[in-house]
Amino acid sequence: MSLPKPLESAEQISDIAFGFMGSKALFSALHVDLFSALADGGGSVEDVAGKTGLDPDRAMTLLTALTTLGLVVRNGKAYENAPAADAFLVKGRKYDFGDYLRFQIDKQMYPFLTQLEEALTGELEPEQVSSYADWFSDAEEARIYSESQHSGSLGPGRSLAKMIDLSKARTLLDVGGGTGAFSISLCKAYPELRSTVLDFPNVVDVGRGFVKKAGLSDRVEFNPGNALEIEWPKDRDVILMSYLFSGVPGETIPGLVRAAMDHLAPGGHFIVHDFMVEDDRTGPKLAALWQLQHVAFNPEARSVTSGWVRALMEAAGFKDIEIAEMIPGMTTMVHGVKPAAGA
Ligand SMILES: Nc1ncnc2c1ncn2[C@@H]1O[C@H](CSCC[C@H]([NH3+])C(=O)O)[C@@H](O)[C@H]1O
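Values in this document were obtained by computation on a predicted structure and should not be read as measured data.

Engineer: How should I be thinking about the overall build of the protein in this particular structure?
Structural biologist: Secondary structure summary: the protein contains 15 helices and 9 strands in total. Relative to the 2.2 N^0.38 estimate, which gives 20 Å for 343 residues, the radius of gyration of the protein is 22 Å and therefore close to what a compact globule would have. Burial status across the protein gives 47% buried among its 343 residues. Long-range contacts, defined as pairs at least 24 residues apart, comprise 68% of the intrachain contacts of the protein with a sequence gap of at least 6.

Engineer: How should the UniProt feature "domain: O-methyltransferase C-terminal" (unreviewed entry) in the protein be read in this particular structure?
Structural biologist: When the UniProt feature table is mapped onto this chain, "domain: O-methyltransferase C-terminal" (unreviewed entry) is found at residues 136-319. Between the end C-alpha atoms of residues 136-319 there is a gap of 35 Å, over a span that is 43% helix and 20% strand.

Engineer: I'm lost on the site of the ligand in this one. Help?
Structural biologist: The immediate surroundings of the ligand are formed by 20 residues, with S153, D199, N226, A227 and S242 found nearest. Between the ligand and D199 there is a distance of 2.6 Å, counted from an oxygen atom to a side-chain nitrogen or oxygen. Protein chains shield 98% of the accessible area of the ligand, which is 570 Å² for the free molecule. Residue contributions to the shell around the ligand peak at 3 residues, all from helix α10 (residues 139-163). Here the residues of the shell around the ligand are counted per class, giving 11 nonpolar, 8 polar and 1 charged.

Engineer: What exactly am I supposed to notice about the UniProt feature "domain: O-methyltransferase dimerisation" (unreviewed entry) in the protein here?
Structural biologist: Per the UniProt annotation, the sites labelled "domain: O-methyltransferase dimerisation" (unreviewed entry) are residues 15-90. Segment residues 15-90 splits into 64% helix and 11% strand. End C-alpha atoms: 26 Å apart.

Engineer: Looking at this model, I keep getting lost on a negative patch on the surface. Mind explaining?
Structural biologist: A cluster of acidic residues, E117, E123, E125 and E127, forms a negative patch on the protein surface. In this fold, E125 is placed in the loop between α8 (116-121) and α9 (132-135).

Engineer: Mind showing me how you'd approach the sheet that holds strand β7 (residues 264-275) here?
Structural biologist: Across a sheet, strands are paired by hydrogen bonds formed along the backbone, either parallel or antiparallel in direction. Judged by pairing direction, the sheet is mixed, and its 7 strands sit side by side in the order β5-β4-β3-β6-β7-β9-β8 without closing on themselves. In this open sheet, the two edge strands, each paired with only one partner strand, are β5 (220-224) and β8 (319-325). Between one strand axis and the next, the sheet turns by 15 degrees as a mean value, whatever way the strands run. Packed onto the sheet, helix α13 (residues 253-263) meets β6 (236-242) and β7 and runs at close to 150 degrees relative to β7.

Engineer: What is the right way to look at unusual backbone geometry in this model?
Structural biologist: Excluding glycine, most residues fall at negative phi; most peptide bonds, likewise, are trans. Residues G283 and P284 are joined by a peptide bond in cis, for which omega reads -5 degrees. With respect to the secondary-structure elements, P284 resides in the loop between β7 and α14 (285-295). Although it is not a glycine, D235 adopts a positive phi angle of roughly 55 degrees. Tracing the backbone shows D235 in the loop between β5 and β6. The backbone phi angle of R281 is positive, close to 55 degrees, even though this residue is not glycine.

Engineer: It is not clear to me how helix α2 (residues 19-31) should be interpreted in this structure. Could you clarify?
Structural biologist: Residues spaced three or four apart along an α-helix point in a common direction, a consequence of the helix completing one turn every 3.6 residues. For α2, which comprises 13 residues, the first-to-last C-alpha distance of 19 Å matches the rise-based estimate of 18 Å (1.5 Å per residue) to within 8%. Along α2, the positions that sit buried rather than exposed are G22, A25, L26, F27, A29 and L30. Looking at the buried residues of α2, the elements they touch are α3 (34-38), α5 (56-69) and α7 (98-112). Following α2 by one or two positions, D33 adopts a phi angle in the positive range, close to 60 degrees.

Engineer: Got a minute to help me understand the nonpolar core in this structure?
Structural biologist: A general feature of soluble globular proteins is that nonpolar side chains tend to end up buried together. The biggest cluster of nonpolar side chains holds 44 residues, and the ones touching the most others in it are L34, F35, L66 and W135. When near neighbours in sequence (up to four residues on either side) are disregarded, W135 contacts Q108, M109, F112, V129, E141, Y145 and F297.

The rules behind these values
Residues numbered from 1 in each chain as written. Predicted model: local features only at pLDDT ≥ 70, side-chain atom pairs only at ≥ 80, totals over all residues. Heavy atoms only, no water. Helix = DSSP H or I, 4+ residues; strand = E, 2+ residues; numbered from the N terminus. Rg over C-alpha atoms; globule rule 2.2 N^0.38 Å. Buried < 20%, exposed > 50% of the residue type's maximum accessible area, 1.4 Å probe, protein only. Contact = heavy atoms within 4.5 Å. UniProt positions renumbered as here; feature names shortened; annotations may be inferred. Near = heavy atom within 4 Å. Polar contact = N/O pair within 3.5 Å; in protein donor to acceptor, adjacent residues only side chain to side chain. Areas by Shrake-Rupley, 256 points an atom, 1.4 Å probe, with all protein chains shown as cover. Nonpolar A, V, L, I, M, F, W, Y, C, P; charged D, E, K, R; others polar. Patch = residues over 30% accessible without salt bridge, like charges linked within 9 Å, V, L, I, M, F, W, Y side chains within 5 Å. Salt bridge = Lys/Arg side-chain N within 4 Å of Asp/Glu carboxyl O. Lys, Arg positive; Asp, Glu negative; His and termini not counted. Charge placed at Lys NZ, Arg CZ, Asp CG, Glu CD. Pairing = 2+ DSSP bridges. Axes fitted to C-alpha atoms, helices over the stretch in contact; angles between N-to-C directions. Expected span 1.5 Å × (residues − 1). Core = buried A, V, L, I, M, F, W, Y, C linked by side-chain atoms within 4.5 Å.

Written as structure tokens, this is what we have:
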């Protein structure tokens, strides 16, 4: 793993310490749709102020901050989007993930960090969120999170369909499957596949809408409830747990792996996708930071390594285990197969 060179200067510490100011500049720009205002040729401070509704002085302050961050480029008096801002932050672009950033990250993850200290020291007050179950008992919170997560998971779902050959599989169980984004992508790639998604009721309500829109209501069904408590269907050809391990108490993970073995048909596939750090715990940075972030609302979360997941799968009897990077620099996929009958 390539670690950063150990830091030597106060400026390098400042870059980390004040990083949140840059995050907020980006989120605020997204909330006023500044990057869309600059699409198609850019514009002056006054143009941006006119299109975003910002006071011109404040528009200039924000544009200046975004320029120093490299998100926009100043050419004389005109501002343009940097190539990455143009590709990923303008509304309607194919790879636009601005809504994910401004809703799930700015409106939910960012405020959660204010309770990280209490979560780390074990001093969270009872009324503070300490699990997905608490958090998603609020329908609006579940909706904001799940809609953003859906758009973020369709692409990785398509990648997963290419990484593993599931053409012989007929039944998928998507545990903690959220709105069913992975199920939708996999069912689209494999026309004979059907899926059951387990998640909390307020998430399932959002998911049904997405599945209907995808025309898959007859192949993707939802089973609302806490996956750690409800019955799972048996004899599945595939069991997927995407971002489930980060959201549950770490001590429940070995049981989830054994439950996957028990609920798969012989020859079935078990796929875990999540934030995982390398076995030597030196990276990737974004996986490590996301694991820390999860502690803020799930203090019992564990910092999972891919080697630990592999060892749990081996102990449960899975074979042909493979580990692959999924979202570069961020997530990892571990795949194992339940031995065929008589094998
Ligand atoms: N105990 C639990 N039972 C059911 N769902 C859970 C549990 N803990 C966390 N989750 C869900 O796990 C999901 C993590 S977000 C990931 C959703 C989906 N697997 C995807 O990759 O897009 C959220 O929808 C949570 O509600």
